[in-house]
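What follows is each chain in one-letter form.
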Amino acid sequence: MMTATGTTALPGVAAEAALAVPGVAALQPRLARRLAAAAAPTRADTTPPEAGIRADRAPDGSGWHIEVRCVLTEGRRALDIARIVHDRVTAALVTHLATHGAAEPVTVAVTVTGIAAWRDAA
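Now for a description of the structure that goes with this document. (Residues numbered from 1 in each chain as written. Predicted model: local features only at pLDDT ≥ 70, side-chain atom pairs only at ≥ 80, totals over all residues. Heavy atoms only, no water.)

Thoughts on the overall build of the chain
Right, so step 1: Looking only at helices and strands, the chain features four helices and four strands.
Right, so step 2: Shown N-terminal to C-terminal, the secondary structure of the chain runs as helices and strands in the order α-α-β-α-β-β-α-β.
Right, so step 3: For the chain, the proportion of contacts with a sequence separation of at least 24, taken over those separated by at least 6, is 71%.
Right, so step 4: Of the accessible surface of the chain, which amounts to about 7300 Å², a share of 58% is contributed by carbon and sulfur atoms. (Helix = DSSP H or I, 4+ residues; strand = E, 2+ residues; numbered from the N terminus. Contact = heavy atoms within 4.5 Å. Areas by Shrake-Rupley, 256 points an atom, 1.4 Å probe, with all protein chains shown as cover.)

Here you go:
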């Protein structure tokens with residue numbers, strides 16, 4: 001059985017791995033999270049990167065299903081970046097779970113939600 005520390009850290013581990021991929025500009029929260037943030041405009045926008053990650057137990061309890069919602073930088077092939085994100089997030093989560101004594105299967109789905117325009121600082 002996995003500890004609470006291990007399970008609550010999954011979105012953070014996945015977010016860190018995804019954001020480390022060149023070509024990933026940001027992670028985008030799901031619509032419900034964005035609507036909640038919009039309803040409370042007085043709070044500073046403190047949406048953590050892991051808000052762009054959804055981690056659910058498999059229906060039969062046999063592992064984890066992770067959804068990563070990425071905004072990519074323009075000028076790169078979205079398919080290539082999505083594959084790299086998939087591979088790196090999967091590897092990071094498998095390592096994390098194994099470290100916490102829970103070698104469970106992990107499936108990762110990567111959704112590209114947008115392409116951010118690259119702006120030259122010059």
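A look at helix H4 (residues 78-99)
Right, so step 1: Its 22 residues place the ends of H4 31 Å apart at the C-alpha level, agreeing with the 32 Å of an ideal helix rising 1.5 Å per residue.
Right, so step 2: The complete set of buried residues in H4 reads Ile81, Ala82, Val85, Val89, Thr90, Leu93, His96 and Leu97. Along H4, the residues classed as buried sweep out an arc of 160 degrees about the axis, all on the same side. In H4, those exposed residues whose orientation departs by more than 90 degrees from the buried face are Arg83, Thr95 and Thr99.
Right, so step 3: Directly beyond the C-terminal end of H4, a positive phi value near 70 degrees is found at Gly101. (Expected span 1.5 Å × (residues − 1). Buried < 20%, exposed > 50% of the residue type's maximum accessible area, 1.4 Å probe, protein only. Arc of directions from axis to C-beta.)

Here we look at the nonpolar core
Right, so step 1: With 23 residues, the main nonpolar core has Leu27, Ile66, Val68, Val85, Val89 and Leu93 as its most contacted residues.
Right, so step 2: If you list the elements that add at least two residues to this core, you get helix H2 (10-19), strand S1 (24-27), strand S3 (64-73), H4 and strand S4 (106-116).
Right, so step 3: When sequence neighbours within four positions are dropped, the list of residues in contact with Leu27 reads Ala15, Ala18, Leu19, Pro49, Gly52, Ile53, Val68, Arg69 and Cys70. (Core = buried A, V, L, I, M, F, W, Y, C linked by side-chain atoms within 4.5 Å.)

A look at the pattern of salt bridges
Right, so step 1: In the structure shown here, the tally under the stated rule is three salt bridges.
Right, so step 2: Among the salt bridges present, the one from Arg54 reaches Asp56, with a minimum N-O distance of 2.8 Å.
Right, so step 3: The exposure class of Arg54 is partly exposed, given its relative accessible area of 35%. (Salt bridge = Lys/Arg side-chain N within 4 Å of Asp/Glu carboxyl O.)

Overview of H2
Right, so step 1: H2 sits mainly inside the fold: seven of its ten residues count as buried.
Right, so step 2: For H2, the complete set of buried residues consists of Leu10, Pro11, Val13, Ala14, Ala15, Ala17 and Ala18.

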